[in-house]
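# Understanding the architecture of this molecule
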Amino acid sequence: MPSASNVAEVEAIKGRLEGSVAALLTDYRGLTVKDLGELRASLRGSSTEYRVLKNTLTSIAVRQAGYDDLIPLLQGPTAVAFIHGDPVQVAKDLADFARTHPALVVKGGVLDGKVLDADEVRRLATLESREVLLTRLAWLLQASLQQTATLLAAPLRQVATMTSALRDQQASSESESESESESEPEPEPEPEPE
């Protein structure tokens, strides 16, 4: 019979899994308490909770949450990064930390309900952050809008140019006809027959 504390812990893990954007599983074997503290501090800025969990309780919670494919990853010391912010940034932070601390190994995780293996998490770390992608999208949209405005304004500019040219041509032809009429001598009146 499971103890009340274990049941509560399973529910808490399940709640964290379901309440987070993503969860990444890591093997922390070989890291010191100081290293784990540094890792937690580096992940706080990304709205991430990094917790060392018991594999048995975690496997029960994972099964209840519907992520049965994660159970094989729950071997050895396991810590989970529950991500509430940008998963790409957290994957980058974990990869950066693993470069300086090779003992940290990313095992896999869950993103948007899809189970990821270690290679997919590494690929996730190579993506640009959400803010950078949104900035690029904004620039692309702005450029497209400017091109559209230029294309739509071109016919109006052409009409304005043609109207101006026609007005100038009409004004010059009127001034020519006036000057012709002034330069032509008036016909002399014919003498009346006597």
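Residues numbered from 1 in each chain as written. Predicted model: local features only at pLDDT ≥ 70, side-chain atom pairs only at ≥ 80, totals over all residues. Heavy atoms only, no water.

### Brief notes about a nonpolar patch on the surface
Together, Leu134, Leu137 and Leu141 make up an exposed nonpolar region whose accessible area comes to about 280 Å². Following the sequence through the fold, Leu141 ends up in helix H6 (residues 130-183). (Patch = residues over 30% accessible without salt bridge, like charges linked within 9 Å, V, L, I, M, F, W, Y side chains within 5 Å. Areas by Shrake-Rupley, 256 points an atom, 1.4 Å probe, with all protein chains shown as cover. Salt bridge = Lys/Arg side-chain N within 4 Å of Asp/Glu carboxyl O. Helix = DSSP H or I, 4+ residues; strand = E, 2+ residues; numbered from the N terminus.)

### Here we look at the pattern of salt bridges
The tally for this structure, following the rule as stated, stands at six salt bridges. Residue Lys114 pairs with Glu120 through a salt bridge whose shortest N-O separation is 3.0 Å.

### Side note on the sheet that holds strand E5 (residues 114-117)
Pairing is antiparallel in the open sheet, where five strands are placed in the order E2-E3-E1-E4-E5. Single-partner strands in this sheet number two, and they are strand E2 (48-53) and E5. Geometrically, the sheet is characterised by an average inter-axis angle of 20° between neighbouring strands, direction not taken into account. (Pairing = 2+ DSSP bridges. Axes fitted to C-alpha atoms, helices over the stretch in contact; angles between N-to-C directions.)

### Regarding the packing of aromatic side chains
Two numbers describe a pair of aromatic rings. These are the distance of the centres and the angle of the planes. This model, assessed by the stated rule, comprises zero aromatic pairs. For the cation-ring pair, Arg16 lies above Phe82, with the distance from its terminal atom to the ring centre recorded as 6.0 Å. (Phe/Tyr/Trp six-rings, centres within 6.5 Å; stacked < 30°, edge-to-face > 60°. Lys NZ or Arg CZ within 6 Å of the ring centre and 35° of its normal.)

### A few points about the pairing of strand E1 (residues 22-27)
Within E1, six of the six residues are buried, which leaves it mostly tucked inside the rest of the structure. By the alternation rule, side chains of E1 split into Ala22, Leu24 and Thr26 and Ala23, Leu25 and Asp27, which are all buried. Pairing of E1 with strand E3 (residues 78-83), which is carried by six bridges, proceeds in the antiparallel orientation. Directly across from Ala23, in E3, lies its bridge partner Phe82. Bridge count between E1 and strand E4 (residues 105-111): six bridges; the pairing is antiparallel. Pairing of Asp27 across the sheet is with Val105, part of E4. (Buried < 20%, exposed > 50% of the residue type's maximum accessible area, 1.4 Å probe, protein only.)

Keep in mind these numbers describe shape, not what the thing actually does.
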